[in-house]
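# Analysis of the macromolecular model
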Amino acid sequence: MLALLFFILAANTITKIVRDSVFLSQHTAAELPYLYLLSGFLAGLGIAVYSRYTSGFSLHQLMIGSLVFITLSILVFWYLLAFHNTGWVHYAFYIWASTVFIVAIAQIWTFAEELFTPREGKRLFGTLTAGGTLGGILGAFGAKWSMSHHLGTVHLLWLVVGLLVCALGVSRLATSRLRKILSEPKKLQAPRSVPPIIEGVIRLLRHSPYLLSIGALILVSVIVSTLLDFQFKVAAKETYASADGLTDFFASYYGWLSVLTLFAGFALTGQLVSFFGLYPSLFILPVSLLLGSFGFLVFPGLSIATVMRMGDAGLRPTFYRSLTEMLYFPIPTSVKAKAKTFLDVVVERLGDASAGFIILIVSLTGRPESSTLVYCCMALVLVWLTLLPSLRRGYLKALVSALTTRPSDFVTDNIDYQDKATVDVIAKVLESPDEESLLLGLQLAESLDPKAILAQLPRSLLRHPSPAVQGRVLKLFSSCPDRRAVDEYLSGISRKDSPEPVIRQALAATGKAKDPQRIKDAIIELHSQAAKSQTREVLIEYGE
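To keep things clear, this report deals only with the structure shown in the data block. (Residues numbered from 1 in each chain as written. Predicted model: local features only at pLDDT ≥ 70, side-chain atom pairs only at ≥ 80, totals over all residues. Heavy atoms only, no water.)

If you look at soluble globular proteins, the nonpolar side chains tend to sit buried side by side. Membership of the largest hydrophobic core comes to 121 residues, with the highest contact counts inside it found for Leu164, Ile214, Phe250, Leu327 and Trp384. The element that contributes the greatest number of residues to this core is helix α10 (residues 209-239), accounting for 16 residues. Counting residues in each nonpolar core, the second largest holds 14 residues, with Leu430, Leu438, Leu440 and Ala445 among its members. (Core = buried A, V, L, I, M, F, W, Y, C linked by side-chain atoms within 4.5 Å. Buried < 20%, exposed > 50% of the residue type's maximum accessible area, 1.4 Å probe, protein only. Helix = DSSP H or I, 4+ residues; strand = E, 2+ residues; numbered from the N terminus.)

Spelled out as structure tokens, the structure:
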């Protein structure tokens, strides 16, 4: 899996370098908005057709078939670009390169989700992502090295062919276990037509202000990202006239972009969310882009445009994507599956097309495009920022509702990030009289900051009539690395009929994990005769 992602993303990076260099060296910047419109429309159409007509094939067949198709297409485009270098070829290659690798990468992640359990996925997906990002780094700097040896922009496609052949070899050398999983036909019923699905999702959005806010956030952020991409490519074209010069520049850009993506994925996402919380973290990217837009107005040029574009392209697929995934957490699973696909595919393509329309309108006004588009970006970023308060209110309301009315939806999910607002919601759920909600709240509390959750944990839970709830509280104590937080919690309990000494004894026993008899003896004092047997089993299971 890691090798497959490595080769595919390395090939994708080199293809993007050739795509951008060939088009910008042969066409004017005024043609870019038409390209955004065509790419957005045809990419969405192609993905819809792919989803409709491939549901009867096994995932293994689809992966091999896609790699063979991409490899043969690369050879055809190399021939056309080398010997029939006409305008329609540049358009076709740009649109093709913007679509096919999206499908190939999606197939790999679908395979990973089927192959690994949720627990394995949480442990391994970060490593797989890092492997793919390293492939992007190697592909970009490998292309730059090749250009220094006078390979030529178009001939970089032979490197892509070599990487795709390696990816095919890795796929063919899959173990018997992987072949067995991949060869099972995907039992997905193809939709009869696309419009009913879209209508169903639009109905969901219309009746869910929270989902509508998420959709608006994605749409505005994609429009801003595409406008930044346009300004960046215009600045690059004005600075570098030849295809080889553009190739050398884009190779450096995509290489360092991959380095930033790797750093953001490992060093920024978890730490920033833990430090600031989910809601404040949502402001980081738009505020940074707003400040960068001010900088571009004062110092216009390729340097500022590159910094802005690299910041957006490096943080959106890692840091900001993670934040968006967190926003989906309280949405019911059945709704999430439909809405997320629609928002990630249709709305993002709509964002590309909307940005193309904005650029066309600006160009028709006859005003200087660079400064006008910067003001458009700033206005859209302000809209972006105004959406965030309503998103926070919707998130908290949906989370409270989900935890109290649909606890069964969270059996396989987990909140694996730290956020003060989420801690407050979990603490509110722990005040519920419903046992199922309490157990779910305690389960989710184990992945939050122990010190923060213990500060708000109701002390009445230790005397709850349910042995399962008592056992879950003790498990929360035993898994807390900060014993001072546990002591502060216990010291706040009234000493009248307090279980504090017994709890301390049980914690000491679970910490040593050598004398189960001490746990059993402690339970005799802690619980009633009727509940003793059940509670013993719960505490022993959780404690050890």
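From this point, the discussion proceeds with the structure in view.
Bringing α10 into the picture now. The terminal C-alpha atoms of α10, which comprises 31 residues, lie 45 Å apart, in line with the 45 Å expected from a rise of 1.5 Å per residue. Most of α10 is tucked away, with 24 of its 31 residues classed as buried. (Expected span 1.5 Å × (residues − 1).)

Over its 15 residues, helix α13 (residues 284-298) runs 22 Å from end to end, which matches the ideal 21 Å to within 8%, given 1.5 Å per residue. If you check which residues of α13 are buried, you get Leu285, Pro286, Leu289, Leu290, Gly292, Ser293 and Phe296. In a view along the axis of α13, the buried residues occupy a sector of 165 degrees, so they form one face of it. Exposed residues on α13 whose side chains face more than 90 degrees from its buried face are Leu291 and Val298. (Arc of directions from axis to C-beta.)

Here we come to the environment of Leu476. By secondary structure assignment, the location of Leu476 is in helix α20 (residues 467-478). Residue classification places Leu476 among the buried positions, given a relative accessible area of 4%. With 31 residues separating them along the chain, Leu476 and Ala445 place their C-alpha atoms 7.7 Å apart.

On the secondary structure map, Val259 appears in helix α11 (residues 243-276). When the C-alpha atoms of Val259 and Gly314 are compared, they prove to be 8.6 Å apart, with 55 residues separating the residues in sequence.

This paragraph deals with the side chain of Ser221. Relative to the elements of secondary structure, Ser221 occurs in helix α10. Residue Ser221 is classed as buried on the basis of its relative accessible area of 5%. In this structure, Ser221 is in contact with Arg316 and Trp384, ignoring residues within four places of it in sequence. (Contact = heavy atoms within 4.5 Å.)

Inspection of the entire model under this criterion finds 6 salt bridges. Here Arg19 and Asp20 are joined by a salt bridge, their closest N and O atoms 2.9 Å apart. Summarising the burial analysis for this pair, Arg19 and Asp20 share the class buried. Between Lys233 and Asp20 there is a salt bridge; the shortest N-O distance is 3.3 Å. Of the two residues, Lys233 sits in helix α10 while Asp20 sits in helix α1 (residues 2-26), which places them 213 residues apart along the sequence. The two residues Lys233 and Asp20 agree in class, both being buried. Connected through salt bridges with shared partners, the residues Arg19, Asp20, Asp229, Lys233, Arg309 and Asp312 form a single ionic network. (Salt bridge = Lys/Arg side-chain N within 4 Å of Asp/Glu carboxyl O.)

A full pass over the atoms with the stated rule returns 0 disulfides. Unpaired in this structure, Cys376 has its nearest cysteine sulfur neighbour in Cys377, at a distance of 7.3 Å. Taking relative accessible area as the criterion, Cys376 reaches 23% and is therefore assigned partly exposed. Note on Cys377: relative accessible area 2%, which makes it buried. (Disulfide = S-S within 2.5 Å.)

Spatial relationships are all this shows, so hold off on functional conclusions.
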